[in-house]
Amino acid sequence: MLIRRLLCCWAVSFALPAAAQLPPREISRAIDSAAALIQRHYVFAAKGESIAKHLREQHQAGAFNNTPNWKTFDSVGTAILRSYSQDGHLYMRYSPEKVKNLRSEQQPHGVDDFFHSPKAREHNYGFREVKVLEGNTGYIKLDEINISDESLPVLQAAMALVSRTRALIIDLRDNGGGGSEIKPVLESYFLPGNKALLTFHSRTGDTETDSTITIDPALVYKGALHILVNKKTASAAEAFAYVMQAQHRAKVTGQPSAGGANHNVLFVVNDDVFISISEAAPVLPGTQKNWEGAGVQPDYVTSPGKEMEEVLKQIAR
(Lines give C-alpha, C1' and ligand atoms only; values in the text may rest on other atoms or scores of the structure.)
Protein backbone atom coordinates (compact mmCIF):
# COMPACT_ATOMS: atom_id res chain seq x y z
CA MET A 1 0.00 0.00 0.00
CA LEU A 2 1.19 3.50 -0.82
CA ILE A 3 2.43 5.28 2.29
CA ARG A 4 0.21 8.26 3.03
CA ARG A 5 2.83 10.67 4.14
CA LEU A 6 1.05 13.95 4.57
CA LEU A 7 3.82 15.90 6.04
CA CYS A 8 3.84 19.16 7.87
CA CYS A 9 3.70 22.14 5.55
CA TRP A 10 5.65 24.22 8.06
CA ALA A 11 8.87 22.28 8.43
CA VAL A 12 11.52 22.95 11.07
CA SER A 13 14.27 25.36 10.07
CA PHE A 14 17.78 24.01 9.86
CA ALA A 15 21.10 25.51 10.85
CA LEU A 16 22.51 28.01 8.40
CA PRO A 17 25.79 27.37 6.62
CA ALA A 18 28.54 29.93 6.61
CA ALA A 19 27.74 32.92 4.40
CA ALA A 20 29.00 32.49 0.83
CA GLN A 21 27.81 33.35 -2.64
CA LEU A 22 26.27 30.37 -4.42
CA PRO A 23 27.66 29.87 -7.93
CA PRO A 24 25.01 30.86 -10.53
CA ARG A 25 25.58 27.56 -12.36
CA GLU A 26 24.69 25.59 -9.21
CA ILE A 27 21.54 27.66 -8.73
CA SER A 28 20.51 27.04 -12.34
CA ARG A 29 21.03 23.30 -11.93
CA ALA A 30 18.90 23.28 -8.78
CA ILE A 31 16.11 25.25 -10.47
CA ASP A 32 16.16 22.90 -13.45
CA SER A 33 16.05 19.87 -11.15
CA ALA A 34 13.18 21.25 -9.05
CA ALA A 35 11.17 22.35 -12.10
CA ALA A 36 11.61 18.97 -13.79
CA LEU A 37 10.45 17.15 -10.64
CA ILE A 38 7.35 19.34 -10.41
CA GLN A 39 6.54 18.72 -14.08
CA ARG A 40 6.95 14.99 -13.63
CA HIS A 41 5.15 14.46 -10.33
CA TYR A 42 2.67 17.24 -9.49
CA VAL A 43 -0.82 15.76 -9.06
CA PHE A 44 -2.45 18.06 -11.62
CA ALA A 45 -0.32 17.82 -14.76
CA ALA A 46 -1.32 21.13 -16.36
CA LYS A 47 -0.87 23.02 -13.11
CA GLY A 48 2.49 21.33 -12.58
CA GLU A 49 3.65 22.52 -15.99
CA SER A 50 2.52 26.04 -15.14
CA ILE A 51 4.25 26.03 -11.75
CA ALA A 52 7.51 24.74 -13.23
CA LYS A 53 7.39 27.39 -15.95
CA HIS A 54 6.78 30.12 -13.40
CA LEU A 55 9.72 28.96 -11.26
CA ARG A 56 12.05 29.07 -14.28
CA GLU A 57 10.73 32.50 -15.29
CA GLN A 58 11.31 33.88 -11.81
CA HIS A 59 14.85 32.55 -11.91
CA GLN A 60 15.47 34.20 -15.28
CA ALA A 61 14.01 37.45 -13.92
CA GLY A 62 16.65 37.48 -11.19
CA ALA A 63 14.71 36.23 -8.17
CA PHE A 64 17.69 34.11 -7.08
CA ASN A 65 20.36 36.72 -7.73
CA ASN A 66 22.66 37.33 -4.76
CA THR A 67 21.61 34.12 -3.05
CA PRO A 68 24.31 33.57 -0.39
CA ASN A 69 23.47 30.00 0.69
CA TRP A 70 21.08 27.09 0.16
CA LYS A 71 18.93 28.12 3.12
CA THR A 72 18.22 31.43 1.40
CA PHE A 73 17.63 29.52 -1.82
CA ASP A 74 14.97 27.35 -0.15
CA SER A 75 13.25 30.41 1.35
CA VAL A 76 13.10 32.25 -1.97
CA GLY A 77 12.05 29.13 -3.87
CA THR A 78 9.35 28.20 -1.39
CA ALA A 79 7.90 31.73 -1.43
CA ILE A 80 7.71 31.62 -5.24
CA LEU A 81 6.12 28.16 -5.30
CA ARG A 82 3.62 28.86 -2.52
CA SER A 83 2.47 32.26 -3.75
CA TYR A 84 1.88 30.95 -7.28
CA SER A 85 0.39 27.52 -6.50
CA GLN A 86 -1.43 28.25 -3.22
CA ASP A 87 -0.41 24.71 -2.25
CA GLY A 88 1.00 24.41 1.27
CA HIS A 89 2.58 21.05 0.48
CA LEU A 90 4.76 22.50 -2.28
CA TYR A 91 8.04 23.74 -0.81
CA MET A 92 11.83 23.40 -0.85
CA ARG A 93 13.98 22.81 2.22
CA TYR A 94 17.68 23.02 2.95
CA SER A 95 18.87 19.93 4.81
CA PRO A 96 21.90 17.90 3.70
CA GLU A 97 21.03 15.40 6.45
CA LYS A 98 17.50 14.87 5.15
CA VAL A 99 18.80 14.54 1.57
CA LYS A 100 21.15 11.82 2.77
CA ASN A 101 18.28 10.06 4.53
CA LEU A 102 16.04 10.29 1.46
CA ARG A 103 18.72 8.68 -0.67
CA SER A 104 19.17 5.96 1.94
CA GLU A 105 15.42 5.28 2.00
CA GLN A 106 15.54 4.57 -1.74
CA GLN A 107 18.08 1.81 -1.27
CA PRO A 108 17.07 -1.85 -0.72
CA HIS A 109 15.89 -2.31 2.87
CA GLY A 110 15.88 1.44 3.40
CA VAL A 111 13.58 2.80 6.11
CA ASP A 112 11.71 6.08 6.39
CA ASP A 113 13.44 8.20 9.01
CA PHE A 114 10.22 10.04 9.87
CA PHE A 115 8.68 6.84 11.23
CA HIS A 116 11.83 5.01 12.32
CA SER A 117 14.50 7.11 13.97
CA PRO A 118 15.83 8.04 17.41
CA LYS A 119 14.04 11.38 17.01
CA ALA A 120 10.67 9.67 16.44
CA ARG A 121 11.18 7.50 19.51
CA GLU A 122 12.40 10.47 21.56
CA HIS A 123 9.19 12.34 20.65
CA ASN A 124 7.14 9.30 21.65
CA TYR A 125 5.72 9.19 18.12
CA GLY A 126 3.79 12.38 18.74
CA PHE A 127 1.94 11.22 21.87
CA ARG A 128 2.71 14.17 24.12
CA GLU A 129 0.09 13.66 26.84
CA VAL A 130 -2.49 11.00 27.70
CA LYS A 131 -4.67 11.30 30.81
CA VAL A 132 -8.14 11.09 32.31
CA LEU A 133 -9.64 14.41 33.36
CA GLU A 134 -12.25 15.05 36.03
CA GLY A 135 -15.66 13.75 35.05
CA ASN A 136 -14.11 10.66 33.42
CA THR A 137 -13.11 12.49 30.24
CA GLY A 138 -10.13 11.16 28.31
CA TYR A 139 -7.52 13.48 26.82
CA ILE A 140 -4.84 12.71 24.22
CA LYS A 141 -2.46 15.42 23.02
CA LEU A 142 -0.90 14.52 19.66
CA ASP A 143 1.99 16.66 18.40
CA GLU A 144 2.27 14.72 15.12
CA ILE A 145 0.68 11.78 13.34
CA ASN A 146 3.23 8.97 13.32
CA ILE A 147 1.64 5.55 12.82
CA SER A 148 3.80 2.52 12.06
CA ASP A 149 4.39 -0.98 13.37
CA GLU A 150 6.96 0.59 15.66
CA SER A 151 4.54 3.12 17.18
CA LEU A 152 1.49 0.83 17.48
CA PRO A 153 2.24 -0.18 21.10
CA VAL A 154 2.19 3.50 22.08
CA LEU A 155 -1.15 4.05 20.33
CA GLN A 156 -2.56 0.91 21.93
CA ALA A 157 -1.42 1.97 25.39
CA ALA A 158 -2.93 5.43 24.95
CA MET A 159 -6.27 4.03 23.84
CA ALA A 160 -6.26 1.48 26.66
CA LEU A 161 -5.87 4.25 29.24
CA VAL A 162 -8.89 6.20 27.93
CA SER A 163 -10.99 3.19 26.90
CA ARG A 164 -13.45 3.45 29.81
CA THR A 165 -13.99 7.20 29.68
CA ARG A 166 -17.40 8.62 28.77
CA ALA A 167 -15.93 11.16 26.34
CA LEU A 168 -12.56 11.63 24.67
CA ILE A 169 -10.75 14.79 23.56
CA ILE A 170 -8.04 14.43 20.93
CA ASP A 171 -6.01 17.62 20.86
CA LEU A 172 -4.53 18.31 17.41
CA ARG A 173 -3.76 21.98 17.94
CA ASP A 174 -0.38 22.90 16.39
CA ASN A 175 -0.11 19.38 14.95
CA GLY A 176 1.59 19.86 11.57
CA GLY A 177 0.79 16.39 10.28
CA GLY A 178 2.79 13.29 9.54
CA GLY A 179 1.19 10.12 8.25
CA SER A 180 0.68 6.41 8.52
CA GLU A 181 2.99 3.71 7.22
CA ILE A 182 0.15 1.23 7.51
CA LYS A 183 -3.64 1.30 7.20
CA PRO A 184 -5.68 4.04 8.98
CA VAL A 185 -5.33 2.42 12.41
CA LEU A 186 -6.15 5.52 14.47
CA GLU A 187 -9.48 6.00 12.67
CA SER A 188 -10.22 2.30 13.16
CA TYR A 189 -10.56 2.79 16.92
CA PHE A 190 -13.67 4.90 16.28
CA LEU A 191 -15.31 3.47 13.15
CA PRO A 192 -16.41 0.05 11.84
CA GLY A 193 -13.95 -2.03 9.83
CA ASN A 194 -13.68 -1.58 6.07
CA LYS A 195 -15.17 1.91 6.19
CA ALA A 196 -13.99 3.95 3.18
CA LEU A 197 -12.43 7.21 4.36
CA LEU A 198 -10.60 8.98 1.55
CA THR A 199 -10.01 8.27 -2.14
CA PHE A 200 -6.65 9.48 -3.46
CA HIS A 201 -6.52 10.62 -7.10
CA SER A 202 -3.18 10.62 -8.93
CA ARG A 203 -2.19 12.62 -12.01
CA THR A 204 -2.60 9.49 -14.15
CA GLY A 205 -6.24 9.12 -13.15
CA ASP A 206 -5.56 6.13 -10.91
CA THR A 207 -7.31 6.06 -7.55
CA GLU A 208 -6.71 4.33 -4.25
CA THR A 209 -9.11 4.36 -1.30
CA ASP A 210 -8.00 4.17 2.32
CA SER A 211 -10.37 2.19 4.54
CA THR A 212 -10.41 1.32 8.21
CA ILE A 213 -9.25 -2.06 9.42
CA THR A 214 -11.19 -4.40 11.71
CA ILE A 215 -9.87 -4.39 15.25
CA ASP A 216 -11.01 -6.21 18.38
CA PRO A 217 -14.54 -4.88 19.12
CA ALA A 218 -13.55 -4.59 22.77
CA LEU A 219 -10.97 -1.98 21.78
CA VAL A 220 -13.31 0.19 19.70
CA TYR A 221 -13.99 3.47 21.50
CA LYS A 222 -17.73 4.08 21.76
CA GLY A 223 -17.87 7.28 23.81
CA ALA A 224 -18.31 10.81 22.48
CA LEU A 225 -15.31 12.04 20.48
CA HIS A 226 -14.18 15.67 20.39
CA ILE A 227 -11.26 17.00 18.32
CA LEU A 228 -9.45 20.29 18.89
CA VAL A 229 -7.90 22.12 15.91
CA ASN A 230 -6.39 25.51 15.13
CA LYS A 231 -4.79 27.27 12.17
CA LYS A 232 -1.59 25.26 12.68
CA THR A 233 -3.38 21.92 12.49
CA ALA A 234 -2.24 20.66 9.11
CA SER A 235 -2.07 17.79 6.67
CA ALA A 236 -2.51 14.31 8.22
CA ALA A 237 -3.87 15.87 11.41
CA GLU A 238 -6.49 17.64 9.31
CA ALA A 239 -7.27 14.38 7.52
CA PHE A 240 -8.17 12.68 10.80
CA ALA A 241 -10.38 15.57 11.94
CA TYR A 242 -12.00 15.87 8.52
CA VAL A 243 -12.96 12.22 8.10
CA MET A 244 -14.17 11.87 11.69
CA GLN A 245 -16.37 14.91 11.18
CA ALA A 246 -17.57 13.68 7.77
CA GLN A 247 -18.47 10.31 9.28
CA HIS A 248 -20.49 12.12 12.00
CA ARG A 249 -18.26 10.45 14.56
CA ALA A 250 -16.70 13.56 16.12
CA LYS A 251 -17.35 17.19 16.86
CA VAL A 252 -14.54 19.59 15.96
CA THR A 253 -13.78 22.65 18.08
CA GLY A 254 -11.38 25.53 17.48
CA GLN A 255 -10.45 27.58 14.41
CA PRO A 256 -10.36 26.57 10.71
CA SER A 257 -7.26 24.46 10.09
CA ALA A 258 -4.37 25.10 7.70
CA GLY A 259 -5.96 23.67 4.55
CA GLY A 260 -3.28 21.23 3.33
CA ALA A 261 -5.07 18.20 1.90
CA ASN A 262 -2.86 16.99 -0.94
CA HIS A 263 -0.59 13.99 -0.33
CA ASN A 264 3.03 15.00 -0.75
CA VAL A 265 6.25 13.14 -1.49
CA LEU A 266 9.81 14.34 -0.92
CA PHE A 267 12.39 14.36 -3.73
CA VAL A 268 16.11 15.19 -3.81
CA VAL A 269 17.03 18.38 -5.69
CA ASN A 270 20.78 18.28 -4.96
CA ASP A 271 23.12 17.39 -2.11
CA ASP A 272 21.72 20.21 0.03
CA VAL A 273 18.05 20.69 -0.87
CA PHE A 274 14.94 18.55 -1.17
CA ILE A 275 11.51 19.46 -2.53
CA SER A 276 8.04 18.47 -1.38
CA ILE A 277 5.55 17.92 -4.21
CA SER A 278 1.83 17.17 -4.01
CA GLU A 279 1.45 13.84 -5.79
CA ALA A 280 -2.15 12.84 -5.00
CA ALA A 281 -5.38 14.60 -4.06
CA PRO A 282 -7.70 13.04 -1.46
CA VAL A 283 -11.48 13.42 -1.55
CA LEU A 284 -14.38 11.88 0.31
CA PRO A 285 -15.33 8.74 -1.65
CA GLY A 286 -17.81 9.48 -4.42
CA THR A 287 -17.36 13.24 -4.10
CA GLN A 288 -14.91 16.01 -4.96
CA LYS A 289 -14.87 17.27 -1.37
CA ASN A 290 -11.76 17.81 0.70
CA TRP A 291 -10.19 20.47 2.91
CA GLU A 292 -7.55 21.81 0.49
CA GLY A 293 -7.29 25.57 0.89
CA ALA A 294 -10.36 25.94 3.10
CA GLY A 295 -9.23 23.83 6.05
CA VAL A 296 -11.39 21.77 8.37
CA GLN A 297 -14.33 23.90 9.50
CA PRO A 298 -15.05 23.48 13.22
CA ASP A 299 -18.51 22.62 14.47
CA TYR A 300 -17.80 25.01 17.33
CA VAL A 301 -15.62 28.04 16.51
CA THR A 302 -13.67 29.59 19.37
CA SER A 303 -11.00 32.22 19.79
CA PRO A 304 -7.45 30.84 20.14
CA GLY A 305 -6.82 29.43 23.60
CA LYS A 306 -10.51 28.92 24.39
CA GLU A 307 -10.86 25.46 22.78
CA MET A 308 -10.62 23.38 25.96
CA GLU A 309 -13.02 25.65 27.81
CA GLU A 310 -15.62 25.26 25.05
CA VAL A 311 -15.24 21.52 24.59
CA LEU A 312 -15.54 20.84 28.33
CA LYS A 313 -18.79 22.84 28.30
CA GLN A 314 -20.06 20.63 25.45
CA ILE A 315 -19.18 17.46 27.34
CA ALA A 316 -20.87 18.71 30.52
CA ARG A 317 -24.19 19.39 28.75
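Going by the structure above, here's the rest.
Please read these numbers as outputs of a predicted model, since none were measured by experiment.

Basis of the calculations
- Counting restarts for each chain: residues are numbered from 1 in the order of the written sequence.
- Restriction of local features to residues with pLDDT of at least 70 applies here, the model being predicted, together with a cutoff of 80 or more for giving and counting side-chain atom pairs; totals for whole chains, interfaces and linings are based on all residues.
- Side-chain metrics rest on all non-hydrogen atoms present in the structure, leaving aside hydrogens and water.
- A pair of strands is treated as paired once DSSP finds two or more bridges between them.
- Only DSSP runs of H or I covering at least 4 residues are called helices, and only runs of E covering at least 2 are called strands; the numbering of each starts at the N terminus.
- A fitted line through C-alpha atoms serves as each axis, taken over the contacting stretch for helices, and the angle formed by two N-to-C directions is quoted from 0 to 180°.
- Oblique is the label for every angle not falling under 35 degrees (roughly parallel), over 145 degrees (roughly antiparallel), or within 65 to 115 degrees (roughly perpendicular).
- Left-handed describes a crossing whose near helix is turned anticlockwise from the far helix by less than a right angle; the clockwise case is right-handed.
- The contact rule is simple, with two residues in contact once any of their heavy atoms fall within 4.5 Å.
- Nonpolar residues are Ala, Val, Leu, Ile, Met, Phe, Trp, Tyr, Cys and Pro. Charged residues are Asp, Glu, Lys and Arg, and all others, Gly as well, are polar.
- For every residue, the accessible area obtained with a 1.4 Å probe (protein chains only) is divided by the maximum for its type, and the residue is called buried under 20%, exposed over 50%, and partly exposed between those limits.
- For crossovers, right-handed means that the path from the first strand over the helix to the second runs clockwise, given strands pointing away from the viewer.
- Here a polar contact means two N or O atoms within 3.5 Å. Within protein one must be a hydrogen donor candidate and the other an acceptor candidate, and residues neighboring in sequence count only if both atoms are side-chain atoms.
- Here, nonpolar core refers to any group of buried Ala, Val, Leu, Ile, Met, Phe, Trp, Tyr and Cys residues whose side-chain atoms link them within 4.5 Å.

Enquirer: Please set out the pairing of strand β7 (residues 196-202) residue by residue, giving values where relevant.
Expert: On a regular strand, one side chain projects to one face of the sheet and the next to the other, so that they alternate. Relative to strand β8 (residues 207-211), β7 is paired through five bridges, and the arrangement is antiparallel. Looking at the pairing, Phe 200 lines up with Glu 208 of β8. Between β7 and the antiparallel strand that follows it, β8, lie four residues; Gly 205 among them carries a positive phi value of about 95°. In this structure, β7 lies alongside strand β12 (residues 273-283), joined through four bridges in antiparallel fashion. For Thr 199, the partnering residue across the bridge sits in β12 and is Val 283.

Enquirer: Requested: an account of the packing of helix α1 (residues 24-41) against helix α2 (residues 45-60), with residues and values cited.
Expert: Helix packing for two helices is described by the angle between their axes and how far apart those axes are. Viewed as axis vectors pointing N to C, α1 and α2 meet at an angle of 170°, and their least axial separation amounts to 8 Å. Taken as axis vectors, α1 and α2 run roughly antiparallel relative to one another. In the crossing of α1 with α2, the sense of the turn from one axis to the other is right-handed. Side by side, α1 and α2 meet where Ile 27, Ser 28, Ile 31, Asp 32, Ala 34, Ala 35, Ala 36, Ile 38 and Gln 39 of the first sit next to Gly 48, Glu 49, Ile 51, Ala 52, Leu 55, Arg 56 and His 59 of the second. Each residue belonging to the contact of α1 with α2 can be placed in one class, and the counts come to nine nonpolar, four polar and three charged.

Enquirer: Provide a residue-level description of unusual backbone geometry, including the pertinent values.
Expert: Not every positive phi belongs to a glycine, and Asn 124 is a case in point at roughly 55°. Tracing the sequence through the fold places Asn 124 in the loop between α5 (118-122) and β2 (127-133). Phi is positive for Asn 136, close to 60°, though the residue is something other than glycine. For Asn 136, the position within the fold is in the loop between β2 and β3 (137-142).

Enquirer: Can you lay out the pairing of strand β10 (residues 250-254) for me, pointing to particular residues and giving the numbers?
Expert: Of all five residues that make up β10, four are buried, and the element is covered over most of its length. Across five bridges, the pairing between strand β9 (residues 224-229) and β10 is parallel. Following the sheet pairing, Ile 227 is matched in β10 by Val 252. Read as a crossover between parallel neighbours, the route from β9 over helix α8 (residues 236-246) to β10 is right-handed. By the bridge criterion, two bridges tie β10 to strand β13 (residues 300-301) in an arrangement that is parallel. What sits directly across from Thr 253, in β13, is Tyr 300.

Enquirer: I'd love a proper account of the side chain of Asn 175, names of residues and values included.
Expert: Relative to the helices and strands, Asn 175 resides in the loop between β5 (167-171) and β6 (178-180). Its relative accessible area of 0% is what places Asn 175 among the buried residues. Among the polar contacts listed, one links the side chain of Asn 175 to the backbone oxygen of Leu 142, at a separation of 2.9 Å. Beyond its immediate chain neighbours, meaning those up to four positions away, Asn 175 contacts Leu 142, Asp 143, Glu 144, Ile 145, Lys 232, Thr 233, Ala 234 and Ala 237.

Enquirer: If you had to explain the nonpolar core to someone new, which residues and values would you point to?
Expert: Formed by 44 residues in total, the largest nonpolar core has its most connected members in Leu 155, Met 159, Leu 168, Phe 190, Ile 227 and Met 244. Sorting elements by how many residues they give to this core places α8 first, with eight residues. If we ignore the near neighbours within four places in the chain, the residues touching Met 244 are Glu 187, Phe 190, Leu 191, Leu 225, Ile 227, Arg 249 and Ala 250.

Enquirer: Go over the sheet that holds β10, please, and point to the residues and values.
Expert: What the six strands build is an open sheet, ordered β2-β3-β5-β9-β10-β13; its pairing is mixed. Strands at the two margins of the open sheet, each flanked by one partner only, are β2 and β13. Across five bridges, β5 lies against β9 in parallel orientation. Paired with Asp 171 across the strands is Leu 228, a residue of β9. Its contacts with the sheet place helix α6 (residues 152-162) against β2, β3 and β5, and it is angled at close to 15° to β2. Strands in contact with α8 are β5, β9 and β10; relative to β9, the strand with the most contacts, it is inclined by about 140°.

Function-wise, these values are silent; they only describe arrangement.
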